[in-house]
Each structure stands twice: as C-alpha cells, then as structure tokens.
Amino acid sequence: MFDVILRGGDVIDGTGAARYRADVALQGGRIVFIGDATGQRADREIDVAGMVVAPGFIDSHAHDDRAVLETPGMAPKISQGVTTVVNGNCGISLAPYRQSGGDPPLPLRTVDPQWRFAAFGQYLDALDATPAAVNVASLVGHTALRAVHQADFDRPATAVEVEAMRQAANAALEQGAIGMSTGTFYPPAASAPAEEIIGVGRDLKQFGVVYATHMRTEGDGVIEAIEESARIARAIDVRLVISHHKVIGKPNFGRTRETLARIGELGRAQKICLDCYPYTASSSLLRRERLAISDEILITYSRSAPKSAGRKLSDLAHEWQCSRAEALDRVMPGMGMYFFMDEGDVQRVLAYRDTMIGSDGIPSDDYPHPRLWGTFTRLLGHYSRDLGLLTLEETVHKMTGMTAHAFGLAGRGEIREGHAADVTVFDPKTVKDVATYLDPQQPSAGIAHVFVNGQAVWEHGAATCARPGRSLRRAAR
C-alpha cells in the first residue's frame, strides 16, 4: 500500500533521457516505484494521463533567504513547480549576521530581529524548526562575511580580516552551506580584489562545494569579468557557477557568442556552469551608471518614494518635470527592472549546454519582476513548446538533474526509485507563465500537482498549506 500513485503519466526523469509512460508511487517521502502499478493500491491514486511527471524544479539562483521564514507558503515558487530553492546568491546570505552592527548592506530592507542569525547553522536550524513549503539549500555570502568582519567596505580586506572571513566561511560550510557566493558588482564587495576572495575561499575544495558569482560586470568588461571569475575558481580548485549570465547594453548585444565561446574554452580545463532567467529585463539595485544603457527602468522598490513602485522612470520624470537622472536620484535607494538585454542573447544562453535555470527573483520587492512567479513555466511553455528552442527533456534537465548535480544535492533532481519525492506534474499543452511586467504576481497555468518530500503543496491551482520543506545541508564528503 503506497501513499500516492500517479497513474499513466509521461515520465521525464530529469536526466535528459527521452520520456516514457509509467506509474510513479510515493511512500514515506520517497519515490519507491516506477513502472506498471496495475493491481497496486495507494491511499491516494491520481490519474495523470496526458500529463508530464517530472522531478520538482530546483531554482538554482534564488533570493528567498527571508521569504522562506516570513512567507513559508512560498506561493511564487510552488505555483510554477519549484520544490527546492538555492539561496545565498550574489554574496548575500542571511547568515552569518553581526548582531550589534545594524542592518546588512544588502538587501536594502531591515531584517527582523528574529531572523538575525550569528551562525549559519542557526539559519538552517530555523528552517527545520519552522519549515517552508519548499526545500532550501544555501550558499554563504562573501558580502555577508564582509559585513561581519570588515567595518569599511571601500577597501580590500586586511590579512587579518581575510583570515577571519575564511574561518567564518569554513564554519558555515561545516554547518551545512553548499558553497560560497560573491557579488563584486555591488558596492559592499566591489573593492574586494580576486586575492581577497581566494583567501576567504581557499578551503572550499576540501568541502567539495561550489563557488558562485555575480561577476564584477556584465557590460563592456564582461570577458575580463569571466576571466577573473575563472581565475578565482581555478585557484580555489572548485566548480564555478556564473550567476544569471547575460550581456547588457545595446553596444554589447550579440556578445554572448563571444562569452559562451570563452566559457566553453575555459571549461575544458576546469568545471564551469552558469544559470540564466528567460527575460530581457534584469532587476537589481538602482544605479546611476545604468541609466545610459537602459531603454527603460521600472521601479520595483524605493525607500525614499515608496509609491513609485510599479512606475516607469520616464513617466515619473515627466510627472515631476525633471530629467530621468534627477528622477532616479529621487527614488534611490531602491530596486528596479532594467530593460537592456537582447532576446537573441537570452535564447543563446538558455540553449547553452551547461546552463541551469534560476529565477533571480526578489520576493521582498513591492513590485517584483515577473521572473519571481514565471521563470520555469515560461521556459516550458514559451521557449520549449512554442519556440522549440529546447526539447521538453532538455528543458526539464536544466531545471532539475543538472542543478542537483552542480550543487551536490544528493537524492534530488531525478525521478528515480529511492530519491526524495519532490515531483511536479504539469500539462505540456497548457503550461505557461501568466505573470507579466505590468501584472507580475500571477500564478502559472498548467501546473497540476506539486509534491515536496511526498506531500502535496500545490493542487488544482491552489496551495494546500502543507509545509514539508527541509534544509538541504552540505553532504559529508
């Protein structure tokens, strides 16, 4: 007697292999049977004929560090089939946190005192004590380490500070972090040279983890940024994950031919993969230098002018009878969507053999980028089914097995007997993203059932309110 039998679906197992027809049985939080279950019974039997049974999607690049604690239902993710999120990206992790030092430099919001964790393991313990609807794996952020051990961000760390950060990074890895991330694009870490990062992460290899980076630039100097990132990973001798790879600004349109070729060359001597989201607009801190290369900026959050969220910068400038630059100054500090990417480049990166899928969604924005709610279903519907950019098997692999392998998430990412019962069932004919730039908080269509550790979290267009997620800690090597 099984807990659940999913009968008659087309299994796309997450490895990239061709789909096949089979029943899938879940028991005790595991996938326990794949095949013909005729004559077998379960507490719950679901007819999924005409549907795809896939591993639960893994968001390789999330910023849900606080969301999994503050809004544990995680509707933006489970509604598009995501069962696991990888947090702590771009150098920004919720832990470790300096208890006496005020708010961290990123993100821009005040952190509730109850979510201030001096040790990385305390964050993971909190996730287990108050589970979310999704599983959580997390990187430790270099910027977070800087905030604890360095008072002045406008200079490289001293040898003493580097050693303190190295020890703190090792402690986080011992407590379950799956790697280290950096965000040298952002001011709190922009002054950190490669040597500082190498010093902080020099022990990563012994833990068998990854180095993920929001590179120093994705504009004119993108090749140099790739070279620096690869050099750091080589020195540390770990896998490099290039976060949300893209090229920005019209003068750079088409340069992904160059960047992907160079990544491929470097990848012959070291392990490199990347992640990408399927949109031509990014979302990040409001920065004056990005004004000149953006066709438009949509404000998603503003500390000084909260009512500007959801407004175009050009419309605000017209309303306030000032220049776009002056309008930008009035809404800073804040976050915004930048329209400065080329569709051809996006498709080229999505199709690249070593590209995983990550939303880079920011749930705390007042007016979030639609990628928060629609990344995975947009790829399944628009890019795979409608445009034929990738086969459905390739698409699912980029969302599941590839990501689990890259981050060392053992027992996840595949429909395989003995693996965790993280399962997404979707209709390949109707699955699509519904969230748009103008109406971003909309659940996707075509996601029929989502199971996390064997428990249903999303069914028939609604959350079940179950919270079966777990912290996925670095496995001992």
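Because the structure is predicted, anything quoted here is derived from the model rather than measured. (Residues numbered from 1 in each chain as written. Predicted model: local features only at pLDDT ≥ 70, side-chain atom pairs only at ≥ 80, totals over all residues. Heavy atoms only, no water.)

Peer 1: Help me out: how do you make sense of the domain arrangement of the protein in this one?
Peer 2: For interface size, the figure often reported is the accessible area lost on association. Domain annotation of the protein identifies domain 1 (56–282 + 339–410) and domain 2 (283–338). Residue-level contacts link 24 residues of domain 1 with 22 residues of domain 2. Both sides of the domain 1 and domain 2 interface together cover about 2100 Å² of buried area, and 60% of this is carbon and sulfur. In this structure, the connection of domain 1 to domain 2 is made through one salt bridge. Here Asp295 makes a salt bridge to Lys250, at a shortest N to O gap of 3.8 Å. Here domain 1 and domain 2 share 10 residue pairs in polar contact (both at pLDDT 80 or more) between them. Grouping the amino acids of the side of domain 1 that touches domain 2 by side-chain chemistry returns 14 nonpolar, four polar and six charged. (Domains from an automatic or database assignment. Contact = heavy atoms within 4.5 Å. Buried area = accessible area lost by both parts, 1.4 Å probe. Salt bridge = Lys/Arg side-chain N within 4 Å of Asp/Glu carboxyl O. Polar contact = N/O pair within 3.5 Å; in protein donor to acceptor, adjacent residues only side chain to side chain. Nonpolar A, V, L, I, M, F, W, Y, C, P; charged D, E, K, R; others polar.)

Peer 1: How should the packing of helix α9 (residues 222–236) against helix α10 (residues 256–266) be read in this particular structure?
Peer 2: Any two packed helices are characterised by how steeply their axes cross, that is the angle between the axes, and by the distance between the axes. Orientation of α9 relative to α10, taken along the N-to-C sense of each, is 20 degrees, at an axis distance of 10 Å. What the angle tells us is that α9 and α10 run roughly parallel. Seen along the crossing, α9 lies across α10 with a hand that is right-handed. Facing α9, whose interface residues are Val222, Ile223, Ile226, Glu227, Ala230 and Arg234, α10 presents Glu258, Thr259, Arg262, Ile263 and Leu266. Among the residues making up the contact of α9 with α10, the classes are represented as six nonpolar, one polar and four charged. (Axes fitted to C-alpha atoms, helices over the stretch in contact; angles between N-to-C directions. Helix = DSSP H or I, 4+ residues; strand = E, 2+ residues; numbered from the N terminus. Parallel < 35°, antiparallel > 145°, perpendicular 65-115°, else oblique. Left-handed = near helix turned anticlockwise from the far one by under 90°.)

Peer 1: I keep staring at the side chain of Ser283 and nothing clicks. Help me out?
Peer 2: Take Ser283: it is sitting in strand β14 (residues 281–285). In contact with Ser283, other than residues within four places in its own chain, are Tyr277, Thr300, Gly336, Met337, Ile362, Asp365, His369 and Arg371.

Peer 1: Is there a simple way to explain the environment of His419 in this structure?
Peer 2: Note that His419 resides in the loop between α16 (401–407) and β18 (423–426). Judged by its relative accessible area of 11%, His419 falls in the buried class. Separated by 390 residues in the primary sequence, His419 and Gly29 have C-alpha atoms spaced 8.8 Å apart. Residue contacts for His419: discarding those within four places in its chain leaves Arg30, Ile31, Gly411, Arg412 and Glu414. (Buried < 20%, exposed > 50% of the residue type's maximum accessible area, 1.4 Å probe, protein only.)

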